[in-house]
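Listed below, chain by chain, are the residues.
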Amino acid sequence: MPCPDPFHFYTERRLVRLTGRRARTLGELQRHLREVSGASVFYHTHHAFLSHHFQRPVFDNDFASWTKEALQETALPEQLAAVDLLSFTAIRPIREALIAVIERHLAAGASADRPCPPGDEFHFCESQSFVMPTGLVAATTRDFFRTMARVSNVSLFFHFFEARLRLGRTTNDFSAWLAACGDTQRARAVDRLDPYLVSLDELRQQIIEIGDTQNAA
Amino acid sequence: MPPSLTPFVRDYEPIVGPEVIDELRVLADRVAGRRLQNINSTAVGGGVAEILTRMVPLLRDLGVDVSWDFIKGDEAFFNVTKAFHNALHGAPESITPEMFAIFEATTEANLSEVPLTGDVVLVHDPQPAGLVRARRGGGQRWVWRCHIDVSAPDPRVWDFLRPTVEQYDAAVFSMPDFAQQLRVPQYMVAPSIDPLSNKNRELEPGHVDETLAKYHIDPARPILTQISRFDRLKDPLGVIAAYRLVRKRQDCQLVLAGGAASDDPEGLEVLREVREQAADDPDIHVLLLPPFSDVEINALVRASTVVFQKSIKEGFGLTVAEAMWKRRPVIGGAVGGIKLQIIDGVTGYLVHSPEGAAHRAMQLLADPDSRRRLGDNGYEHVKQNFLLTRHVKDYLLLMVALDHLGEHIVRLS
């Protein structure tokens, strides 16, 4: 079955904007989380995947890292890291899930006012994204998997991490296109990959291997 | 050693890959026809001049219409701005109404001297900040680029500057900690290193050994190094204390290398204290390096087994990125921009005390695999986030962003 349209690989470059908001306590973190832009929530839950592409994520989001390192919390960082980003297709439920975790923790008796050490405040940032075509285009599924080796980490990030939030569905650009080409088996295989548990380099390799497996068959 | 020549954009391609260079060309095309005018206070000396010296030719090579202009000022003006600089860093300074008057008068004089021809005017640091009052209409954009650690500024000076900064279209700071309460958008653009500069480029064979021989450092034994000017905030005495703890268990040498300007009495005092602490230990090498010792610094870092940057307070701390670029494992104080560069346990170690520094150094000296892992991760982290090409990209994106300040996603065809 021919593909209805070629796949155009896009990339994205970001500038980081500083909001001027900072939190010293869990209470302040919760309050700002309610008020900051969606771009800020996205930045703090996702930027580490791109800036630390060579390693597997430990605590995946800045909120988990900060509550662990600056506030010396123990269970809360784990609970924040456990918010299943893969299951969300919009920023608002991510924000609500994070707030709910903090609220439960406070309701269980944690202090909302214990400050972090001076200099360890949480500074809210947000992304301004600039989306550009890469010039890489795949007309067929064979082209697609061949091209994957040349796709940058940033492009991978755009099509895998941001796609779900952009498309509003629990899939990524690659799977959506492969399915439209009639390659439902590999579309599902790619869709089953969990980008939150591997580095971007590993994710690319996994996608390539899916293409190789089908070719071998 | 030959000085590093002004490189071309293509010279960076083997380092960062063709895709990064292609993107720079796409972004440069995007801003074609717009002039980027940089304005600072001096062409020589200081970090701003150093970065613009490398960046402006690269932008030109990309086809960007870019210029670099300077304000003029007398000794009184630069004494005032030095005091403002220290005060913005949070240091105690005597600030008088006369100082503000001098600043205003010099700004006024420069308004008729400096041609403000840019479509985007990028003003660096406080000295030229007041030029914004001459902004013309018709789409001219002004950006204030602050290179200073203003996380805890003296309110007298900041309150004086803020109304001026709020006349800009945007402000840029080096770290989230430096963000202020401003009525204009604020961006973060981290500093960067130039992989092709004398301080960071690959060295000719034998140069490292020559440098070690010059300073009587034994290449066959482990070397712990800190490269910093002699300043209490870099905690050189804490580094010596850490070294002494390590020496109880493991053989090693310590190199403390840096400069101290002759007009910096405190720096010379710290150097004296360091030499006293080093006493007659032949394995502590306290090196007072002259200006323009970049190649020797390069060699010393490359020779090191472990690099310290055990600062007590730090703005950004590019010495960390410089060491990581050379695949050296870095142990850094958990302060300032060091925390952006060192991911604890991944690209280096963050510590809070001489004991912590010693503990990590002992671990690393005993474990070559860990040293290699941290070194390789550090290199990748710098390559992704702290190279000059990223810095150029950010400024080009900023030029685009100035027409899209309210948008989170901008689609470029």
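All values derive from a computational prediction rather than experimental measurement. Position numbers for residues start from 1 in each chain and track the written sequence from start to end. In the order they appear in the text, chains get letters beginning with A and ligands get numbers beginning with 1. Only residues with pLDDT of 70 or above have their local features reported here, since the model is predicted, and side-chain atom pairs are shown and tallied only from 80 upward, although totals for entire chains, interfaces and linings are computed over all residues. Heavy atoms throughout the structure, all of them, feed into the side-chain values; hydrogens and water do not.

1. Considering the state of the cysteines
Each disulfide consists of one covalent bond between the sulfur atoms belonging to two cysteines.
For step 1, the next point in the chain: Whenever a pair of cysteine sulfur atoms sits within 2.5 Å, that pair is classed as a disulfide. Applying the stated criterion across every chain, the model contains one disulfide over all chains.
For step 2, the next point in the chain: Bridging Cys3(A) to Cys181(A), the disulfide has an S-S length of 2.2 Å. Across the S-S bond linking Cys3(A) and Cys181(A), the dihedral sits near 120 degrees, which makes this disulfide right-handed. With Cys3(A) in the segment before strand 1 (7-23) and Cys181(A) in the loop between helix 8 (173-180) and helix 9 (184-191), this pair connects stretches of sequence that are 178 residues apart.
For step 3, the next point in the chain: Working definition: with a 1.4 Å probe on protein chains only, accessible area under 20% of the residue-type maximum means buried, over 50% means exposed, and in between means partly exposed. Judged by relative accessible area, which is 18%, Cys3(A) ranks as buried.
For step 4, the next point in the chain: Just so you know, Cys125(A) is unpaired, no disulfide at all, and the nearest cysteine sulfur is the one on Cys116(A), 15 Å from it.
For step 5, the next point in the chain: Free of any disulfide, Cys146(B) has its nearest cysteine sulfur in Cys125(A), 16 Å distant.
For step 6, the next point in the chain: Owing to a relative accessible area of 1%, Cys146(B) belongs among the buried residues under this scheme. The helix and strand labels rest on DSSP assignments: H or I over at least four residues marks a helix, E over at least two residues marks a strand, and numbering proceeds from the N terminus.

2. Looking at the interface of chain A and chain B
For step 1, the next point in the chain: Contacts between the two partners involve 31 residues from chain A, matched on the other side by 38 residues from chain B.
For step 2, the next point in the chain: Around 3,000 Å² of area is buried between chain A and chain B when both sides are counted, 56% of it from carbon and sulfur atoms.
For step 3, the next point in the chain: What makes a salt bridge here is a side-chain nitrogen of Lys or Arg within 4 Å of a carboxyl oxygen of Asp or Glu, nothing more. There are three salt bridges connecting chain A and chain B.
For step 4, the next point in the chain: Residues Glu19(B) and Arg13(A) are paired through a salt bridge, measuring 3.4 Å at the closest nitrogen-oxygen approach.
For step 5, the next point in the chain: At 10 residues, strand 2 (residues 122-138) of chain A tops the list of elements feeding residues into the side of chain A that touches chain B.
For step 6, the next point in the chain: Along the lines of polarity and charge, the residues of the side of chain A that touches chain B split into 11 nonpolar, 13 polar and seven charged.
For step 7, the next point in the chain: Where strand 2 of chain A meets strand 13 (residues 409-411) of chain B, three bridges bridge the pair, whose relative direction is parallel. Across the sheet, residue Phe130(A) finds its bridge partner in strand 13 of chain B, namely Val410(B). Contacts are residue-level and defined by heavy atoms, with any inter-residue pair within 4.5 Å sufficient. A 1.4 Å probe defines the accessible area here, and the buried area is the portion of it lost by two parts on being joined, summed over both. Nonpolar residues are Ala, Val, Leu, Ile, Met, Phe, Trp, Tyr, Cys and Pro. Charged residues are Asp, Glu, Lys and Arg, and all others, Gly as well, are polar. We call two strands paired when DSSP finds no fewer than two bridges between them.

3. Description of the domain arrangement of chain A
All names here are of chain A.
For step 1, the next point in the chain: For each domain, the first and last residues come from an automatic or database assignment. The domain architecture assigned to chain A consists of domain 1 (2-12 + 130-216) and domain 2 (15-126).
For step 2, the next point in the chain: Averaged C-alpha coordinates put domain 1 and domain 2 at centres separated by 29 Å.
For step 3, the next point in the chain: Facing 20 residues of domain 1, the contacting portion of domain 2 comprises 19 residues.
For step 4, the next point in the chain: The largest contributions to the domain 1 side of the interface with domain 2 come from Phe157, Leu165 and Tyr196, which together make up 38% of the buried area.
For step 5, the next point in the chain: Identification of polar contacts relies on pairs of N or O atoms within 3.5 Å, with a donor-acceptor requirement for protein atoms, meaning one able to donate a hydrogen and the other able to accept it, and with residues adjacent in sequence counted only if both atoms are side-chain atoms. At the junction of domain 1 with domain 2, the criterion picks out one residue pair in polar contact (both at pLDDT 80 or more).
For step 6, the next point in the chain: Elements with a contribution of two residues or more to the side of domain 1 that touches domain 2: helix 7 (153-167) and helix 10 (200-216).
For step 7, the next point in the chain: If one sorts the elements of the side of domain 1 that touches domain 2 by residue count, helix 7 sits on top with seven residues.

4. Some points on the environment of Ala171(B)
Residues and elements named next belong to chain B.
For step 1, the next point in the chain: You can see Ala171 is positioned in strand 5 (residues 170-173).
For step 2, the next point in the chain: Sequence-wise, Ala171 and Val143 are 28 residues apart; in three dimensions their C-alpha atoms are separated by 5.6 Å.
For step 3, the next point in the chain: Leave out the neighbours within four places in its chain, and Ala171 touches Trp144, Val165, Leu182, Val184, Pro185, Gln186 and Tyr187.

5. Observations concerning the packing of aromatic side chains
Centre-to-centre distance and the angle between the planes together describe a pair of aromatic rings.
For step 1, the next point in the chain: Pairing of aromatic rings covers Phe, Tyr and Trp, the last through its six-membered ring, and needs centres within 6.5 Å; plane angles under 30 degrees mean stacked, over 60 mean edge-to-face, and all others mean tilted. If you walk through the whole model with that rule in mind, you get 31 aromatic pairs over all chains.
For step 2, the next point in the chain: Aromatic rings pair up to connect Phe7(A), Phe9(A), Phe144(A), Phe145(A), Phe160(A), Phe174(A) and Trp177(A) into one cluster.
For step 3, the next point in the chain: As a reminder, the over-ring test applies to NZ of lysine and CZ of arginine, requiring each to be within 6 Å of the ring centre and within 35 degrees of the ring normal. Across from the ring centre of Phe8(B), 4.5 Å away, lies the NZ or CZ of Arg10(B), which sits over that ring.
For step 4, the next point in the chain: When the ring centre of Tyr349(B) is taken as origin, the NZ or CZ atom of Arg360(B), which lies over that ring, is 3.9 Å away.

6. So, the packing of helix 7 (residues 207-214) of chain B against helix 10 (residues 294-303) of chain B
Residue and element names in this part refer to chain B.
For step 1, the next point in the chain: Here an axis means a line fitted to C-alpha atoms, over the contact stretch when the element is a helix, while the angle between two N-to-C directions is reported on a 0 to 180 degree scale. Here helix 7 crosses helix 10 at 95 degrees, and the two axes come no closer than 9 Å. Taken together, the axes of helix 7 and helix 10 are roughly perpendicular relative to one another. Each of His207, Val208, Thr211, Leu212 and Lys214 in helix 7 lies in contact with helix 10, whose residues at this interface are Val295, Glu296, Ala299, Leu300, Arg302 and Ala303.
For step 2, the next point in the chain: The class makeup of the residues in the contact of helix 7 with helix 10 is six nonpolar, two polar and three charged. An angle below 35 degrees is treated as roughly parallel, one above 145 as roughly antiparallel, one from 65 to 115 as roughly perpendicular, and anything else as oblique.

7. Points about unusual backbone geometry
All names here are of chain B.
For step 1, the next point in the chain: A positive phi is found at Asp125, a non-glycine position, where the angle reads about 70 degrees.
For step 2, the next point in the chain: One non-glycine residue, Phe292, lies in the positive phi region at around 65 degrees.
For step 3, the next point in the chain: In this fold, Phe292 is placed in the loop between strand 9 (284-288) and helix 10.

8. Some thoughts on the pairing of strand 10 (residues 306-309) of chain B
Residue and element names in this part refer to chain B.
For step 1, the next point in the chain: Because side chains alternate across strand 10, one face comprises the buried residues Val306 and Phe308, and the other comprises Val307 and Gln309, equally buried.
For step 2, the next point in the chain: For strand 7 (residues 223-227) and strand 10, the ladder comprises three bridges, and the chain directions are parallel. What sits directly across from Leu224, in strand 10, is Val306.
For step 3, the next point in the chain: In the sheet, strand 10 pairs with strand 11 (residues 330-333) via three bridges, with the strands oriented parallel.

9. Here's the deal with the confidence of the model for chain A
For step 1, the next point in the chain: On a range of 0 to 100, pLDDT expresses the predictor's confidence in each residue. Summing up the model confidence of chain A, the mean pLDDT is 89 and the portion of residues at 70 or higher is 93%.
For step 2, the next point in the chain: Within chain A, the element-level pLDDT minimum falls on helix 7 of chain A, averaging 83, and the maximum on helix 1 (residues 26-35) of chain A, averaging 97.

10. So, the pairing of strand 8 (residues 253-258) of chain B
Residues and elements named next belong to chain B.
For step 1, the next point in the chain: Most of strand 8 sits inside the fold, with six of its six residues counted as buried.
For step 2, the next point in the chain: On strand 8, burial covers both faces: Gln253, Val255 and Ala257 on one face and Leu254, Leu256 and Gly258 on the other are all buried.
For step 3, the next point in the chain: In this structure, strand 7 lies alongside strand 8, joined through five bridges in parallel fashion. By the bridge assignment for strand 8, Thr225 is matched with Val255.
For step 4, the next point in the chain: Seen with its strands pointing away from the viewer, a crossover is right-handed when the path leading from the first strand over the helix to the second is clockwise. Between the parallel elements strand 7 and strand 8, the chain passes through helix 8 (residues 236-247) in a crossover that is right-handed.
For step 5, the next point in the chain: As defined by bridge partners, strand 8 adjoins strand 9 across five bridges and the pair is classed as parallel. When the sheet's bridge partners are listed, Ala257 is paired in strand 9 with Leu287.

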